[in-house]
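# Geometric and topological summary
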Amino acid sequence: MESTPARGDGHASGTGADDLRHRAELAVPATVQKISNAVADEDYDAVMDLLRADWFPLIAVHSDELRSLLRDMPPSDLQSRPLLGFAYGLSFYGLPHHRLRSARILVSVLRAAHGRKRELPAIDRALIRASEAVAYRLIGRPRLGLRSARAAVRALDGLSEDQREEVGDIPRIYSQIGTSFYCAGNVEEALGTFVKGYAEAPPERPHNGFGNISMLAGIHAFRGDMGLAAQYAELAREDCWTEIQRSMYSGTFYRLAEAMIALERFDSTSAREHLASMVHDRDTIEFWAEIAIVEAWTELVDGRPGEAIARLDAFVTRRGAEGRSVGARHRLAGVRGVIHLALGDPHAAWAALRRDLGSGADAHIQRARVALVLGRIDVALDESRRSVVAGLTSRSEAERLTIELAALLRTAPSTRTARLALHLAAVLEHTGQRLALALIPRADLERVRRALGDVGREDLVQNVPVRSLLLSWDDQTSLTEREAVVLDELVHTSSIKVLASTLYVSSNTVKSQVRSIYRKLGVTNRADAIAVARGRGLLRDDDLSPLRPRDSRSNATDRS
C-alpha cells in the first residue's frame with residue numbers, strides 16, 4: 001500500500017522531503033473536505049461514493065485525515081460498510097509501530113465482508129476484493145490474497161463503461177492488484193495486470209497510470225530485461241510526471257530501475273542519486289527487500305562489500321521478525337552470497353546459500369558460482385546445467401552462461417566454448433546486461449573477455465568499465481582436484497602412509513602433494529593448513545558436501 005512519506009527517516013528528512021509531502025497533501029483536498037462534511041452529517045453512503053472516486057490517493061496521501069474522520073464511527077457501521085472499514089484499517093498502516101493494529105482491523109473487516117459480497121454493487125466488489133488482496137499483502141501473507149486479487153481483476157475487467165466512469169482510479173487499482181501478485185511471487189500475473197492498468201489510463205497526460213509504469217520498469221530491471229526497463233523508465237522521465245510521483249511510494253520501482261540501469265554501466269554514482277531520491281519509511285514500506293538488494297549491489301559495484309553487508313544486515317535488523325523470516329532470507333540470499341565472495345569468504349557464501357536460498361534456478365546458479373571460485377569445475381558445470389530445467393529469467397540466463405563459459409575456459413578454448421561465447425554475447429546484447437560478467441573471478445573474466453573477442457564481440461565490453469566484483473584469487477594458489485582430495489584426508493590423519501594407502505598412491509606422491517598444498521595456502525604445518533582451508537571454504541567436509549564432486553575418490557585413483 002502507498003505508505004505516507006517518512007518523518008525522521010534518513011531518506012526522507014530535510015526541506016526537500018517536507019516540501020514533497022506538503023505538495024502531496026494538496027492532491028485531493030476538496031474530496032477530503034466533502035468526506036468531512038458527509039461524516040458530520042452521518043451520510044455514510046456519500047462517504048463511500050467519495051471513497052470510490054479517489055480510493056487509493058485518499059488512503060495513500062490522506063490517511064491521517066481519514067483516520068481522524070472515521071475514528072468515532074461505531075465498529076458495527078465500519079463492518080457493515082466494508083469500504084469504510086478497509087479505509088480505516090489501512091489508515092493505520094503507515095504509522096510507525098501500528099502495523100499490528102492495522103492488521104487486526106483489516107482481518108475483522110475481511111471476516112464481516114465475506115458474507116455480504118453478493119449483495120454489494122459490482123464496483124464495491126471490485127474495490128473490496130482488491131483491498132482484500134492488499135490487506136493480506138500488508139499483514140505479510142500475500143499468497144492468501146491471490147484468490148482475491150484474481151477475483152478483483154475479473155470484476156474490474158467486467159465493469160461496463162458507465163461503471164468505470166464511477167471509479168476514478170481504475171489504473172491505480174490495477175496497480176495495487178499487480179503489486180499483490182508480485183509480492184506473492186506471481187510475477188507473470190503481475191506484469192499482465194500492470195499492463196492492463198496502464199492501458200486503462202487516459203491517453204492525455206499526466207494521468208493516474210504512473211504506478212503501473214514504475215512497477216513495469218522495476219520488475220523488468222530485476223529480471224534482467226534492461227531494454228524493456230529502459231523503455232518504461234523513459235516514459236516515467238517525461239515532463240508530464242511530477243517529482244512527487246517519481247520520488248514517493250509509487251515511484252519506488254522506477255527509482256530502483258534507474259539505479260539498476262546505471263549499475264549495468266558500473267555507474268554507482270548515478271545509482272546512489274536515484275536511491276537517495278526515494279522518500280519512504282523503512283519501517284513500513286513493503287519493498288524494503290528490493291531497496292536493500294539494490295543498495296547492496298551499489299556498494300558492491302563501488303568496491304565496498306563490507307559496507308554492503310553492513311547495510312543489508314542493518315535493514316534486516318530494522319524490519320525485526322519480518323526481516324528474519326524465511327521469505328526475507330530467501331530473497332536476500334543471492335546478493336548475500338555474492339557479497340561473501342567479494343569479501344573472499346566462499347565458505348560463508350555457501351553457508352548462506354545452503355541455509356536460505358532453497359532450490360530452483362537461482363540456487364543452482366549461485367552454487368555454481370561458489371564452485372567456480374573454489375576451483376571445482378565439474379560441480380560448477382553440473383550446477384549450471386541443472387539450472388536450465390528450473391526456468392530462468394534473462395538475468396539468471398546471463399549469469400549461467402557466464403559461469404559455464406568461465407568454467408570451460410579453465411581447460412582450453414574449443415568449438416563448444418566458441419558457441420557458448422556467441423550465445424552469451426547474444427543474451428548480453430538483447431537484454432542490455434553487463435553486470436553478469438563481473439560476478440566471476442578476475443582471471444576468469446579476462447578469459448571470458450578474450451573469448452568474446454575471439455568471436456568478434458569485443459564491442460560488448462569496449463564502452464563499459466566491466467571489472468570483477470569478487471575478491472581476486474591468484475590462480476597459482478588454487479588447489480588441483482587431487483590436492484583438494486588430499487587436503488580433505490589431512491583433516492582425518494597426519495600419517496603420510498595412511499594417506500597413501502587411502503588414496504592408492506605412493507608415499508612420495510602424497511609428500512609432494514602435501515608440500516604443494518602448504519605452499520599454496522602459505523602455511524608450514526598440517527594444523528595451519530586445516531585452519532586456513534576451513535576459513536576459505538576449501539574443505540570437503542559434511543558442511544560443504546553438496547560441493548563434493550561425485551567421483552572425487554575414483555578420479556584420484558584413476559589419475560594415480
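Residues numbered from 1 in each chain as written. Predicted model: local features only at pLDDT ≥ 70, side-chain atom pairs only at ≥ 80, totals over all residues. Heavy atoms only, no water.

### Points about the overall build of the protein chain
Scanning the protein chain from terminus to terminus reveals 34 helices and 0 strands. Each of the 560 residues in the protein chain was classed as buried or not, and the buried ones make up 57%. If you take every contact in the protein chain between residues at least 6 apart in sequence, the share linking residues at least 24 apart comes to 68%. Surface exposure of the protein chain reaches about 23,300 Å², of which carbon and sulfur atoms provide 49%. (Helix = DSSP H or I, 4+ residues; strand = E, 2+ residues; numbered from the N terminus. Buried < 20%, exposed > 50% of the residue type's maximum accessible area, 1.4 Å probe, protein only. Contact = heavy atoms within 4.5 Å. Areas by Shrake-Rupley, 256 points an atom, 1.4 Å probe, with all protein chains shown as cover.)

### Examining the packing of aromatic side chains
Under the counting rule described, the total for this entry stands at 8 aromatic pairs. For the pair Phe222 and Phe253, a centre-to-centre distance of 5.9 Å together with 55° between the ring planes defines the contact as tilted. You can see Phe222 sitting in helix H14 (residues 210-223) and its partner Phe253 sitting in helix H17 (residues 252-264), a full 31 residues away along the chain. Judged by centre distance (6.0 Å) and plane angle (45°), the rings of Trp288 and Phe315 are tilted. Taken together, the positions of Trp288 in helix H19 (residues 288-301) and Phe315 in helix H20 (residues 305-318) put the pair 27 residues apart, joining distant regions of the chain. Neither Trp288 nor Phe315 differs from the other in exposure class; each is buried. Grouping aromatic residues by their ring pairs yields a cluster made of Tyr182, Phe222, Tyr249, Phe253 and Phe287. (Phe/Tyr/Trp six-rings, centres within 6.5 Å; stacked < 30°, edge-to-face > 60°.)

### What about a negative patch on the surface?
Together, Asp41, Glu42, Asp43 and Asp45 make up a negatively charged patch on the protein surface. Secondary-structure assignment places Asp43 in the loop between helix H2 (29-40) and helix H3 (44-53). (Patch = residues over 30% accessible without salt bridge, like charges linked within 9 Å, V, L, I, M, F, W, Y side chains within 5 Å. Salt bridge = Lys/Arg side-chain N within 4 Å of Asp/Glu carboxyl O. Lys, Arg positive; Asp, Glu negative; His and termini not counted. Charge placed at Lys NZ, Arg CZ, Asp CG, Glu CD.)

### Observations regarding H20
Helix length check: H20, at 14 residues, gives a terminal C-alpha distance of 20 Å against a target of 20 Å (1.5 Å per residue), a fit within 8%. Here the buried face of H20 lies against H19, helix H21 (321-324) and helix H22 (326-342). Trailing H20 by a residue or two, Gly320 shows a phi angle of about 65°, which is positive. (Expected span 1.5 Å × (residues − 1).)

### Here's the deal with the pattern of salt bridges
What the rule picks out here adds up to 35 salt bridges. For Glu299, the salt bridge identified is with Arg311, shortest N-O distance 3.9 Å. Separated by 12 residues along the polypeptide, Glu299 in helix H19 and Arg311 in helix H20 bring together distant segments of the chain. With relative accessibility at 29%, the residue Arg311 sits in the partly exposed group. As a salt-bridge pair, Arg447 and Asp444 come within 3.0 Å of each other at their nearest N and O atoms. Highlighted residues: Arg447 and Asp444, both in helix H28 (residues 442-454), separated by 3 residues, approximately one helical turn. Accessibility assignment for this pair places Arg447 and Asp444 in one class, buried.

### Some details on the confidence of the model for the protein chain
Summing up the model confidence of the protein chain, the mean pLDDT is 83 and the portion of residues at 70 or higher is 86%. Confidence, read as mean pLDDT per element, is least for helix H34 (residues 552-559) in the protein chain (35) and greatest for H17 (97). Low pLDDT (under 50) marks residues 1-27, which in the prediction has 59 contacts with non-local residues, meaning those over four places away or in another chain. Scored below 50 in pLDDT, residues 542-560 shows 41 contacts in the model against residues more than four places distant or in partner chains. (pLDDT = per-residue confidence, 0-100.)

### Here's the deal with H19
Compared with the 20 Å implied by 1.5 Å per residue over 14 residues, the 20 Å span of H19 between its first and last C-alpha is a close match. With 14 of 14 residues buried, H19 is to be regarded as a mostly interior element. Positioned one or two residues after H19, Gly303 has a phi angle of 80°, which is positive.

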